[in-house]
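Structural characterization, general
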Amino acid sequence: MLKGFRGRIFYFDINADVFHLEKGYHYLEDGLLLVKDGKVLRAGSYDELSGEVTQKYECIEFGDSFIFPGFIDAHVHSVQTKSIVSYGNQLLQWLQTYIFPNEKKFDNTEYAREHTRFFFQQLLKNGTTTAVIYPAVFDASVEAVFETAQLLNMRIISGKTWMDRNAPDCLIEKPEKSLKSVSGQIEKWHRKGRAHYAITPRYAITSSPDSLKVAASLLRTYEGLYIQTHISENLQEVAMVNHSYSDHKGYLDVYDSYGLLTPYTLLGHGIYLSSGELSRIAQAGASIVHCPTSNLFLGSGLFDFHKTIEHGVKMAIGSDVGGGTSFSMLSNLHDAYKISALKNNLNFENSDYNTFATMNALEAFYFITLGGARALHLENRIGSFLQGNEADFVVIDPSMNQLLSYRLDGTDTVEEMLFAILMLGNEQIVKATYLMGEEVYPFKV
């Protein structure tokens with residue numbers, strides 16, 4: 001069945017270069033997105049496409065609303081929604097005080113299903129159509145994530161978050177037990193429908209050498225697995241890793257020495273990585289996921305996005321709920337902008353850069369669409385309106401925010417419009433969310 005969606009369409013060309021995005025985007029003031037069998041057939045000017053299409057189709061009119069490729073949240077915890085905005089202190093104390101006690105509850109199947117459904121609803125109402133998800137150590141929490149995503153027909157990457165030391169006893173699992181349960185989950189879910197499995201050792205503090213060896217063995221055994229973990233988020237955390245792995249050259253070397261640095265490795269945070277570490281990440285083809293609202297809320301530090309991309313590292317954005325304070329990728333972008341502005345100012349006297357380093361609107365939207373898809377190696381499926389891509393998209397209606405609508409009146413350029421949307425927008429301006437061409441938000445029930 002052919003469907004048409006009419007509105008202001010914005011997306012990046014598949015060949016867009018992160019350093020020259022002003023030459024790599026498409027903006028159609030009156031555009032038409034044609035979708036057939038859940039895939040993008042074409043995107044173009046309404047006048048041109050509507051005149052060319054001979055087949056009958058339903059056309060949904062969105063007026064002055066914007067149609068973007070669905071947003072990508074590349075780092076989010078399905079078991080931390082109930083802990084969002086818990087008075088934080090610093091990362092390690094926050095984990096012990098709020099996060100670990102809450103994650104214990106996900107051993108219960110019904111609890112896990114109920115709270116995971118709510119979690120997915122928050123993603124969709126914020127226009128997020130692809131998510132990279134950390135559940136808990138319990139199989140019930142993992143199954144709830146994959147089952148819910150399958151019902152929604154939503155593309156996700158996820159896998160058991162395991163720990164085998166330095167955590168409450170009820171959340172610790174011996175590596176051999178993790179190996180057995182993860183192997184079963186991979187067989188059941190990996191590359192089934194729109195699901196991908198990610199080996200997920202939480203971070204080096206809670207991972208023994210034996211645990212990291214198990215992770216590496218799984219990567220060798222199964223094809224196309226992702227691996228996700230945390231790195232260099234907090235200075236206390238970095239110091240503890242350096243102490244417990246004192247025979248290594250640094251935090252990144254812990255993962256690298258066990259064979260965990262691959263093109264499908266997703267490293268959350270990465271605030272305190274050295275230039276040498278960034279170069280190694282780029283060489284391996286791995287990606288860093290910047291988590292701006294979390295970094296600010298927990299006082300972890302200011303991520304240097306410009307230094308990261310200058311080293312050739314692929315990058316995506318993550319909400320990191322519940323450390324992060326919003327499921328809205330727009331809210332995360334406006335914090336990412338503020339962090340880059342602060343970092344630019346702090347770097348001014350000793351800067352290695354000859355260019356202004358504050359994140360601009362095109363860069364921001366790139367990292368939650370095509371750039372995020374590239375970081376996940378999914379750019380030929382999601383992230384743009386390339387013909388044949390999966391028709392995941394979000395409809396943004398600025399009129400749903402009076403101040404934003406006022407600000408956009410008379411705006412001259414695409415970049416200025418996008419900047420106003422990311423700075424003033426949040427879930428309130430999400431009019432609709434679609435997965436494979438089917439409306440999933442507003443919710444029917």
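Remember, predicted model here, so these are calculated numbers, not experimental data.

**Re the sheet that holds strand β16 (residues 438-441)**
Spatially, seven strands are ordered β3-β2-β1-β4-β14-β15-β16 in an open sheet, and the strand pairing comes out mixed. The open sheet has two edge strands, β3 (39-45) and β16, and neither has a second partner. Averaged over all pairs of adjacent strands, the angle between strand axes in this sheet comes to 40 degrees, irrespective of strand direction. Bridging between strand β1 (residues 2-12) and strand β2 (residues 25-36) involves ten bridges; their strand directions are antiparallel. The residue of β2 that forms the bridge with Y11 is H26.

**Let's talk about the pattern of salt bridges**
Where charged atoms of side chains with opposite charge meet at close range, the side chains can pair. Enumeration according to the criterion identifies 17 salt bridges in this entry. Note that E147 and R113 form a salt bridge whose closest N and O atoms lie 3.6 Å from each other. A residue pair is termed long-range when its members are at least 10 positions apart, and E147 in helix α4 (residues 139-152) and R113 in helix α3 (residues 109-125) qualify at 34 residues. Its relative accessible area of 25% is what places E147 among the partly exposed residues. Under the relative-accessibility criterion, R113 is labelled partly exposed at 32%. When the shortest N-O distance is used, the salt bridge between R194 and E390 registers 2.6 Å. Here R194 is found in the loop between α5 (175-189) and β9 (195-201), whereas its partner E390 is found in the loop between α14 (370-375) and β14 (393-396), with 196 residues between them in sequence. The two residues R194 and E390 agree in class, both being buried.

Conventions adopted
Residues numbered from 1 in each chain as written. Predicted model: local features only at pLDDT ≥ 70, side-chain atom pairs only at ≥ 80, totals over all residues. Heavy atoms only, no water. Pairing = 2+ DSSP bridges. Helix = DSSP H or I, 4+ residues; strand = E, 2+ residues; numbered from the N terminus. Axes fitted to C-alpha atoms, helices over the stretch in contact; angles between N-to-C directions. Salt bridge = Lys/Arg side-chain N within 4 Å of Asp/Glu carboxyl O. Buried < 20%, exposed > 50% of the residue type's maximum accessible area, 1.4 Å probe, protein only.

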